[in-house]
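Here is how the chains run, residue by residue.
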Amino acid sequence: MSRTWLLAASTILLATACATPEERMAKMQIKQQRLELKAQRLAERNQNRDQARGAPAPGGPVTDQRAPLENAVKALAACDASFGATLKRFAAEISPSFQVTVKGETASIEVPDRKTPGRNIVAPAAPAKVYGLTLSGYYEESTDINGTLQKMVWGFTTTASPDQAAAVLGTAIPNFKRMSKEISGTYTRMEIFERNGWHRTSRFDYYRGQANLNGERTLVIEASRDPAFPGARIGCAVRGFQTEQFQDMLRPELD
(Lines give C-alpha, C1' and ligand atoms only; values in the text may rest on other atoms or scores of the structure.)
Protein backbone atom coordinates (compact mmCIF):
# COMPACT_ATOMS: atom_id res chain seq x y z
CA MET A 1 0.00 0.00 0.00
CA SER A 2 2.79 2.43 0.94
CA ARG A 3 4.64 1.73 -2.34
CA THR A 4 1.46 2.41 -4.32
CA TRP A 5 0.92 5.68 -2.49
CA LEU A 6 4.52 6.77 -3.04
CA LEU A 7 4.26 5.94 -6.75
CA ALA A 8 1.08 8.01 -7.09
CA ALA A 9 2.62 10.92 -5.21
CA SER A 10 5.76 10.74 -7.36
CA THR A 11 3.64 10.79 -10.51
CA ILE A 12 1.79 13.91 -9.37
CA LEU A 13 5.02 15.69 -8.45
CA LEU A 14 6.59 14.78 -11.77
CA ALA A 15 3.56 16.01 -13.70
CA THR A 16 3.61 19.28 -11.78
CA ALA A 17 7.32 19.76 -12.31
CA CYS A 18 7.01 19.13 -16.04
CA ALA A 19 4.12 21.55 -16.48
CA THR A 20 4.85 24.63 -18.58
CA PRO A 21 4.46 28.15 -17.08
CA GLU A 22 1.28 28.56 -19.14
CA GLU A 23 -0.17 25.35 -17.75
CA ARG A 24 0.67 26.35 -14.19
CA MET A 25 -0.91 29.78 -14.75
CA ALA A 26 -4.05 28.13 -16.16
CA LYS A 27 -4.29 25.88 -13.09
CA MET A 28 -3.90 28.89 -10.79
CA GLN A 29 -6.66 30.72 -12.66
CA ILE A 30 -8.97 27.72 -12.37
CA LYS A 31 -8.25 27.53 -8.64
CA GLN A 32 -8.96 31.25 -8.26
CA GLN A 33 -12.24 30.91 -10.14
CA ARG A 34 -13.28 28.07 -7.85
CA LEU A 35 -12.49 30.20 -4.79
CA GLU A 36 -14.50 33.08 -6.32
CA LEU A 37 -17.48 30.80 -6.89
CA LYS A 38 -17.23 29.45 -3.34
CA ALA A 39 -17.14 32.99 -1.90
CA GLN A 40 -20.12 34.01 -4.06
CA ARG A 41 -22.18 31.03 -2.95
CA LEU A 42 -21.30 31.72 0.69
CA ALA A 43 -22.37 35.36 0.35
CA GLU A 44 -25.65 34.31 -1.25
CA ARG A 45 -26.31 31.79 1.54
CA ASN A 46 -25.62 34.45 4.15
CA GLN A 47 -27.95 36.88 2.40
CA ASN A 48 -30.72 34.29 2.20
CA ARG A 49 -30.19 33.44 5.88
CA ASP A 50 -30.42 37.12 6.89
CA GLN A 51 -33.62 37.54 4.91
CA ALA A 52 -35.08 34.42 6.54
CA ARG A 53 -34.31 35.96 9.93
CA GLY A 54 -36.36 39.03 9.07
CA ALA A 55 -33.74 41.35 7.62
CA PRO A 56 -35.28 44.30 5.70
CA ALA A 57 -35.72 44.01 1.95
CA PRO A 58 -33.03 45.77 -0.14
CA GLY A 59 -33.86 49.45 -0.40
CA GLY A 60 -36.10 49.52 2.67
CA PRO A 61 -35.33 51.36 5.92
CA VAL A 62 -33.33 49.69 8.67
CA THR A 63 -35.11 49.93 12.02
CA ASP A 64 -33.72 47.15 14.23
CA GLN A 65 -30.79 48.90 15.94
CA ARG A 66 -30.71 50.69 19.29
CA ALA A 67 -30.24 54.26 18.01
CA PRO A 68 -31.21 56.16 14.81
CA LEU A 69 -27.60 56.69 13.71
CA GLU A 70 -26.84 53.01 14.29
CA ASN A 71 -29.70 52.17 11.93
CA ALA A 72 -28.19 54.59 9.38
CA VAL A 73 -24.74 52.99 9.62
CA LYS A 74 -26.21 49.50 9.26
CA ALA A 75 -28.09 50.71 6.18
CA LEU A 76 -24.88 52.25 4.84
CA ALA A 77 -23.26 48.81 4.95
CA ALA A 78 -25.60 47.61 2.18
CA CYS A 79 -24.44 50.38 -0.21
CA ASP A 80 -27.94 50.73 -1.63
CA ALA A 81 -31.14 52.78 -1.38
CA SER A 82 -31.83 51.59 2.18
CA PHE A 83 -29.48 54.34 3.40
CA GLY A 84 -31.72 57.12 2.09
CA ALA A 85 -34.84 55.28 3.26
CA THR A 86 -33.40 54.97 6.77
CA LEU A 87 -32.41 58.64 6.87
CA LYS A 88 -36.01 59.55 6.02
CA ARG A 89 -37.39 57.18 8.68
CA PHE A 90 -35.22 58.80 11.37
CA ALA A 91 -34.87 62.32 9.92
CA ALA A 92 -36.09 64.09 13.06
CA GLU A 93 -33.80 62.10 15.36
CA ILE A 94 -30.65 62.35 13.17
CA SER A 95 -30.98 66.03 12.15
CA PRO A 96 -29.63 67.47 15.44
CA SER A 97 -26.29 65.84 14.52
CA PHE A 98 -26.38 65.72 10.71
CA GLN A 99 -28.90 67.84 8.79
CA VAL A 100 -31.23 65.48 6.93
CA THR A 101 -33.23 66.73 3.95
CA VAL A 102 -36.31 64.67 3.02
CA LYS A 103 -36.89 64.28 -0.72
CA GLY A 104 -40.10 62.42 -1.48
CA GLU A 105 -39.70 58.76 -0.53
CA THR A 106 -36.09 59.15 0.55
CA ALA A 107 -33.69 61.59 2.25
CA SER A 108 -30.05 62.68 2.31
CA ILE A 109 -27.41 64.35 4.48
CA GLU A 110 -26.39 67.56 2.77
CA VAL A 111 -22.80 68.62 2.03
CA PRO A 112 -21.86 71.99 0.45
CA ASP A 113 -20.31 70.57 -2.73
CA ARG A 114 -19.87 66.87 -3.60
CA LYS A 115 -17.25 67.66 -6.29
CA THR A 116 -14.91 69.96 -4.35
CA PRO A 117 -12.42 68.53 -1.80
CA GLY A 118 -12.80 70.24 1.55
CA ARG A 119 -16.42 71.17 0.81
CA ASN A 120 -17.64 67.60 0.41
CA ILE A 121 -17.68 66.82 4.13
CA VAL A 122 -19.59 68.17 7.13
CA ALA A 123 -18.96 67.76 10.86
CA PRO A 124 -21.86 66.87 13.18
CA ALA A 125 -23.56 69.76 14.93
CA ALA A 126 -24.00 67.64 18.05
CA PRO A 127 -22.12 64.60 19.44
CA ALA A 128 -22.70 61.54 17.27
CA LYS A 129 -21.86 57.99 18.35
CA VAL A 130 -22.61 54.52 16.97
CA TYR A 131 -21.77 51.34 18.88
CA GLY A 132 -19.37 53.43 21.00
CA LEU A 133 -17.56 54.91 17.98
CA THR A 134 -17.47 58.70 17.65
CA LEU A 135 -18.58 59.91 14.21
CA SER A 136 -16.64 63.03 13.26
CA GLY A 137 -18.16 63.75 9.85
CA TYR A 138 -20.22 62.73 6.83
CA TYR A 139 -18.78 62.90 3.29
CA GLU A 140 -19.99 62.70 -0.30
CA GLU A 141 -17.81 62.53 -3.42
CA SER A 142 -18.73 62.66 -7.08
CA THR A 143 -16.43 62.29 -10.09
CA ASP A 144 -17.46 63.18 -13.65
CA ILE A 145 -15.46 62.36 -16.78
CA ASN A 146 -16.48 64.09 -20.01
CA GLY A 147 -19.75 65.09 -18.37
CA THR A 148 -20.64 61.55 -17.32
CA LEU A 149 -20.80 60.37 -13.71
CA GLN A 150 -18.04 57.77 -13.25
CA LYS A 151 -17.75 57.42 -9.48
CA MET A 152 -19.72 58.26 -6.34
CA VAL A 153 -18.60 57.83 -2.75
CA TRP A 154 -20.44 58.42 0.54
CA GLY A 155 -20.10 57.59 4.22
CA PHE A 156 -18.98 58.67 7.69
CA THR A 157 -15.64 59.48 9.29
CA THR A 158 -14.74 58.37 12.79
CA THR A 159 -11.98 59.27 15.22
CA ALA A 160 -11.25 55.53 15.61
CA SER A 161 -8.57 53.73 13.59
CA PRO A 162 -9.60 51.42 10.72
CA ASP A 163 -8.78 48.37 12.88
CA GLN A 164 -10.89 49.67 15.77
CA ALA A 165 -13.80 50.58 13.50
CA ALA A 166 -13.70 47.20 11.74
CA ALA A 167 -13.62 45.32 15.05
CA VAL A 168 -16.60 47.22 16.51
CA LEU A 169 -18.76 47.24 13.37
CA GLY A 170 -17.86 43.64 12.51
CA THR A 171 -19.29 42.55 15.85
CA ALA A 172 -22.52 44.51 15.37
CA ILE A 173 -23.31 44.27 11.64
CA PRO A 174 -23.02 41.19 9.36
CA ASN A 175 -22.02 43.15 6.25
CA PHE A 176 -19.03 44.64 8.08
CA LYS A 177 -18.05 41.23 9.46
CA ARG A 178 -17.77 39.94 5.89
CA MET A 179 -15.10 42.47 4.94
CA SER A 180 -11.54 41.35 4.14
CA LYS A 181 -8.41 43.12 5.36
CA GLU A 182 -5.92 43.95 2.64
CA ILE A 183 -2.15 44.30 2.92
CA SER A 184 -2.55 48.09 2.96
CA GLY A 185 -4.67 47.88 6.13
CA THR A 186 -7.90 48.68 4.29
CA TYR A 187 -11.03 46.61 4.98
CA THR A 188 -13.03 45.83 1.84
CA ARG A 189 -16.16 44.08 0.64
CA MET A 190 -16.29 44.36 -3.14
CA GLU A 191 -19.09 43.41 -5.53
CA ILE A 192 -19.03 43.41 -9.33
CA PHE A 193 -22.15 44.03 -11.44
CA GLU A 194 -22.57 41.33 -14.07
CA ARG A 195 -25.29 38.94 -15.20
CA ASN A 196 -27.85 41.59 -14.14
CA GLY A 197 -26.82 41.49 -10.49
CA TRP A 198 -24.16 42.24 -7.87
CA HIS A 199 -21.73 39.42 -7.11
CA ARG A 200 -19.12 39.47 -4.37
CA THR A 201 -15.45 39.07 -5.32
CA SER A 202 -12.12 38.91 -3.50
CA ARG A 203 -10.06 39.84 -6.58
CA PHE A 204 -9.55 43.43 -5.44
CA ASP A 205 -6.36 44.23 -7.36
CA TYR A 206 -7.62 42.61 -10.57
CA TYR A 207 -10.85 44.58 -10.77
CA ARG A 208 -9.26 47.87 -9.68
CA GLY A 209 -7.12 47.63 -12.79
CA GLN A 210 -10.11 47.21 -15.10
CA ALA A 211 -11.29 50.34 -16.91
CA ASN A 212 -14.17 48.65 -18.74
CA LEU A 213 -16.42 47.71 -15.84
CA ASN A 214 -20.19 47.87 -15.90
CA GLY A 215 -20.11 48.50 -12.17
CA GLU A 216 -18.11 47.98 -9.00
CA ARG A 217 -19.65 48.50 -5.57
CA THR A 218 -17.32 48.52 -2.57
CA LEU A 219 -17.90 48.85 1.17
CA VAL A 220 -14.66 50.10 2.68
CA ILE A 221 -13.08 51.04 6.00
CA GLU A 222 -9.84 52.90 5.39
CA ALA A 223 -7.54 55.48 6.94
CA SER A 224 -8.79 59.04 6.47
CA ARG A 225 -6.65 61.20 4.19
CA ASP A 226 -8.21 64.45 5.41
CA PRO A 227 -6.10 66.07 8.18
CA ALA A 228 -9.21 67.89 9.41
CA PHE A 229 -10.92 64.52 10.00
CA PRO A 230 -8.24 62.10 11.23
CA GLY A 231 -9.07 58.48 11.96
CA ALA A 232 -11.00 56.29 9.53
CA ARG A 233 -13.54 56.55 6.75
CA ILE A 234 -16.49 54.14 6.70
CA GLY A 235 -18.29 54.26 3.41
CA CYS A 236 -19.33 53.05 -0.02
CA ALA A 237 -17.82 53.63 -3.46
CA VAL A 238 -19.51 52.89 -6.79
CA ARG A 239 -17.81 53.22 -10.16
CA GLY A 240 -18.16 51.98 -13.74
CA PHE A 241 -19.91 52.71 -17.03
CA GLN A 242 -23.36 52.31 -15.48
CA THR A 243 -22.75 54.60 -12.49
CA GLU A 244 -25.43 57.06 -13.59
CA GLN A 245 -27.98 54.24 -13.72
CA PHE A 246 -26.74 52.94 -10.37
CA GLN A 247 -27.28 56.37 -8.84
CA ASP A 248 -30.97 56.12 -9.74
CA MET A 249 -31.14 52.68 -8.07
CA LEU A 250 -28.72 53.02 -5.14
CA ARG A 251 -28.89 56.76 -4.33
CA PRO A 252 -32.27 57.97 -5.68
CA GLU A 253 -32.18 60.93 -3.28
CA LEU A 254 -29.27 62.57 -5.14
CA ASP A 255 -29.93 65.27 -7.72
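Attention here is on the structure that accompanies the text. Please read these numbers as outputs of a predicted model, since none were measured by experiment.

1. Side note on the layout of surface pockets
- The computed volume of the second largest pocket comes to approximately 400 Å³.
- The wall of the second largest pocket is formed by 22 residues, among which K151, R208, E216, E222 and A237 lie closest to the centre.
- For the lining of the second largest pocket, the leading source of residues is strand β11 (residues 232–239), giving 5 residues.
- Here the lining of the second largest pocket is built from residues that sort into 6 nonpolar, 7 polar and 9 charged.

2. Describing the side chain of T106
- In this fold, T106 is placed in strand β2 (residues 106–109).
- The class of T106 is buried, set by a relative accessible area of 8%.
- A distance of 3.5 Å separates a polar atom in the side chain of T106 from the backbone oxygen of G84.
- In contact with T106, not counting residues within four places along its chain, are G84, A85, K88, T101, P252 and E253.

3. Things to note about the pattern of salt bridges
- Scanning the entire structure with this criterion turns up 18 salt bridges.
- For the salt bridge of R239 with E216, the shortest nitrogen-to-oxygen distance reads 3.1 Å. Residue R239 is located in strand β11, and its partner E216 is located in strand β10 (residues 216–223); the two are separated by 23 residues in the primary sequence.
- Sharing partners across several salt bridges, the network here consists of R114, E140, R251 and E253.

4. So, the state of the cysteines
- Scanning all chains against the criterion turns up 1 disulfide.
- The side chain of C79 participates in a disulfide bridge whose partner is C236; the two sulfur atoms lie 2.1 Å from each other. Handedness here is read from the sign of the S-S torsion; for C79 and C236, about -90 degrees, the answer is left-handed. Residue C79 is located in the loop between α3 (68–76) and α4 (82–89), and its partner C236 is located in strand β11; the two are separated by 157 residues in the primary sequence.

5. Things to note about unusual backbone geometry
- Unlike most non-glycine residues, C79 shows phi in positive territory, near 55 degrees.
- Positive phi, normally seen in glycine, also occurs at N196, with a value near 60 degrees.
- Looking at the element boundaries, N196 is found in the loop between β8 (187–194) and β9 (197–201).
- On the accessibility criterion, N196 (77% relative accessible area) is exposed.

6. Comments concerning α4
- When you tally the buried positions in α4, you get 6 out of 8 residues, the bulk of the element.
- Within the sequence span of α4, burial applies to S82, F83, G84, A85, T86 and L87.
- Turning to α4, the residues buried within the fold contact α3, α5 (91–94), β1 (100–103), β2, β5 (133–145) and β6 (148–158).

7. What to know about the side chain of R114
- Examined against the element boundaries, R114 turns out to sit in the loop between β2 and β3 (121–122).
- One polar contact links R114 to E140, side chain to side chain, over a distance of 3.4 Å.
- Setting aside residues up to four positions removed in sequence, R114 forms contacts with N120, E140, E141, S142, M152 and L254.

8. Describing the packing of α3 against α4
- Here α3 crosses α4 at 170 degrees, and the two axes come no closer than 8 Å. Taken together, α3 and α4 sit at an angle that is classed as roughly antiparallel. Here α3 contributes N71, A72, A75 and L76 to the contact with α4, which in turn contributes S82, F83, T86 and L87.
- Partitioning the contact of α3 with α4 into residue classes produces 5 nonpolar, 3 polar and no charged.

9. Description of empty space enclosed by the protein
- Considering all chains together, one arrives at 1 cavity of 30 Å³ or more under this definition.
- By volume, the largest cavity is sized at about 30 Å³.
- Lining the largest cavity are V73, L76, V130, L135, F156 and I234.
- Classifying every residue of the lining of the largest cavity by side-chain character gives 6 nonpolar, no polar and no charged.

Rules used in this analysis
All chains use their own residue numbering, which begins from 1 and follows the written sequence. Reporting of local features is limited, given that this is a predicted model, to residues whose pLDDT is at least 70; pairs of side-chain atoms are given and counted only at 80 or more, and all residues count toward the totals for whole chains, interfaces and linings. Side-chain descriptors were evaluated using all non-hydrogen atoms of the structure, hydrogens and water having been removed beforehand. Using protein atoms alone on a 1 Å grid, points that fit a 1.4 Å probe yet trap it form a cavity, whereas open point sets bounded by protein on both sides within 12 Å along at least five of seven lines form a pocket; residues with an atom within 4 Å of a point count as lining. Grid points are joined across faces, edges and corners, and a volume is the space filled by probe spheres set on the points. In this description a helix means any DSSP run of H or I spanning at least four residues, a strand means any run of E spanning at least two, and both kinds are numbered starting from the N terminus. Each residue gets one of three labels, nonpolar for Ala, Val, Leu, Ile, Met, Phe, Trp, Tyr, Cys and Pro, charged for Asp, Glu, Lys and Arg, and polar for the others, Gly among them. Burial classes follow relative accessibility: with a 1.4 Å probe on protein chains only, a residue under 20% of its type's maximum area counts as buried, one over 50% as exposed, and anything between as partly exposed. We define a polar contact as two N or O atoms separated by no more than 3.5 Å, with the added condition that, inside protein, one atom must be a possible hydrogen donor and the other a possible acceptor, whereas residues neighbouring each other in sequence contribute only through side-chain atom pairs. Residues are treated as being in contact if the distance between any of their heavy atoms lies within 4.5 Å. Only one rule defines a salt bridge in this text: a Lys or Arg side-chain nitrogen within 4 Å of an Asp or Glu carboxyl oxygen. Any two cysteine sulfur atoms within 2.5 Å of one another count as a disulfide. The axes are straight lines fitted to the C-alpha atoms, using for helices just the contacting stretch, and the angles between their N-to-C directions are given from 0 to 180°. Note on terminology: angles under 35 degrees are roughly parallel, angles over 145 are roughly antiparallel, angles of 65 to 115 are roughly perpendicular, and the others are oblique.

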